[in-house]
Amino acid sequence: MNDHAHEPNIEPQRSAAPPTGTGRRAFMADVGRKAIYITPIVLTLTARPAVASPHSASCKPPGGSCRINSDCCSNNCDTNVCL
């Protein structure tokens, strides 16, 4: 009976192809490529929604006709004219 037949193989196994993409440069290049796709998504999800002015949709510019201050974008109505 051969006693050496059951001993584990302790030699490191080597692959036929050299390892690829294991260096620091390859890692950073991979991160950079992914950032191109991830950055716009993150910015979109974290962007604050625009806050519209209560006067922006229907306010009158200076010189426009008005009845009350809130009719004017400047919020200043004087003798039925926006200032």
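Use the structure listed above.
Residues numbered from 1 in each chain as written. Predicted model: local features only at pLDDT ≥ 70, side-chain atom pairs only at ≥ 80, totals over all residues. Heavy atoms only, no water.

(A) Geometry of the pattern of salt bridges. A full pass over the atoms with the stated rule returns two salt bridges. Here Asp30 and Arg33 are joined by a salt bridge, their closest N and O atoms 3.8 Å apart. Taken together, the positions of Asp30 and Arg33, both in helix 1 (residues 24-46) and three residues apart, correspond to about one turn of that helix. Assessed through its relative accessible area of 29%, Asp30 is described here as partly exposed. (Salt bridge = Lys/Arg side-chain N within 4 Å of Asp/Glu carboxyl O. Helix = DSSP H or I, 4+ residues; strand = E, 2+ residues; numbered from the N terminus. Buried < 20%, exposed > 50% of the residue type's maximum accessible area, 1.4 Å probe, protein only.)

(B) Focus on the environment of Asn76. Mapped onto the fold, Asn76 is located in the loop between helix 1 and strand 1 (77-78). Judged by relative accessible area, which is 35%, Asn76 ranks as partly exposed. Spatially, the C-alpha atoms of Asn76 and Pro62 are 9.0 Å apart, while their sequence positions differ by 14 residues. Setting aside residues up to four positions removed in sequence, Asn76 forms contacts with Asn69, Val81, Cys82 and Leu83. (Contact = heavy atoms within 4.5 Å.)

Purely geometric numbers; function is a separate question.
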